[in-house]
Amino acid sequence: MEKLSFDSFTKKIYINTTKEKLYWCWATPEGICSWFLRKAQYFSPEGERRNEKDSMQIGDSYIWEWHNWDDQEKGQVIRNNGMDFLEISFTDSKVSVQIESQGNACLLTLKQYDIPTDEESRLNIHYGCSNGWTFWLANLKAYLEHGILLNETERDLRNIPLVGFEFVNL
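These figures come from a predicted structure and were not determined experimentally.

> Please provide a residue-by-residue account of the packing of aromatic side chains, values included.
For the structure on display, the rule yields 15 aromatic pairs. Considering the side-chain rings of Trp-26 and Trp-35, the 5.1 Å spacing of their centres and the 65° angle between planes classify their relative orientation as edge-to-face. Accessibility assignment for this pair places Trp-26 and Trp-35 in one class, buried. Ring geometry for Phe-36 and Trp-136: centres 4.9 Å apart, planes at 70°, overall edge-to-face. With Phe-36 in the loop between helix 2 (29-33) and strand 2 (39-43) and Trp-136 in helix 3 (residues 119-146), the pair connects residues that are 100 residues apart, well separated along the chain. Trp-136 matches Phe-36 in its accessibility class, with the two residues each being buried. Ring-pair connections join several aromatic residues into one group, and the members of that group are Trp-26, Trp-35, Phe-36, Tyr-62, Trp-64, Trp-66, Trp-69, Phe-90, Trp-133, Phe-135 and Trp-136.

> Tell me about the sheet that holds strand 5 (residues 85-90), and name the residues and values.
If you walk across this open sheet you meet the 7 strands as 1-7-6-5-4-3-2, and the pairing is antiparallel. Pairing within the sheet leaves two strands with one partner each, and these edge strands are strand 1 (8-15) and strand 2. Going across the sheet, the axis of each strand differs from the next one's by a mean of 20°, ignoring polarity. As judged from the 5 bridges shared by strand 3 (residues 61-65) and strand 4 (residues 72-80), these two strands associate in the antiparallel manner. The partner of Ile-63 across the bridge, within strand 4, is Lys-74. Across the face of the sheet, helix 3 comes into contact with strand 1, strand 5, strand 6 (93-102) and strand 7 (105-113) while running at roughly 10° to strand 1.

Thresholds, definitions, all that
- Residues numbered from 1 in each chain as written.
- Predicted model: local features only at pLDDT ≥ 70, side-chain atom pairs only at ≥ 80, totals over all residues.
- Heavy atoms only, no water.
- Phe/Tyr/Trp six-rings, centres within 6.5 Å; stacked < 30°, edge-to-face > 60°.
- Buried < 20%, exposed > 50% of the residue type's maximum accessible area, 1.4 Å probe, protein only.
- Helix = DSSP H or I, 4+ residues; strand = E, 2+ residues; numbered from the N terminus.
- Pairing = 2+ DSSP bridges.
- Axes fitted to C-alpha atoms, helices over the stretch in contact; angles between N-to-C directions.
- Contact = heavy atoms within 4.5 Å.

This is the structure in structure tokens:
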């Protein structure tokens, strides 16, 4: 059995959809904004902005913006096979998404790793992202299987000091 540690975590979820639809939800600005982000932009290594329908490519950079959070996340696309796997830099660590067909469903495996293990990173990255991804993967399942979104987009929660630690649907 693998030992749990603060430098990584894994989240898995079965979603009744196709690999193509699930990959689109992660790899394109249009797809990732349909269930996760307020705004996403991908840029080629030459700095050209990709179209909303175009998939991210290895070497691309990205800028993500959430609902109810004023900051931006910026990172790089490290690996991407165009079908069922991608890896990005994310919040001083890395995130990979693997999609496997399992009958009429897909098993999505998200791993966040290379997380620094200082006390602040344990709280903000390991604890915060682990809780965040749990919600966001459930939101993705609700979106793809039932056509609903669970995240808060109608109320402005940005002025609540501990919003990211207290609200489960940020």
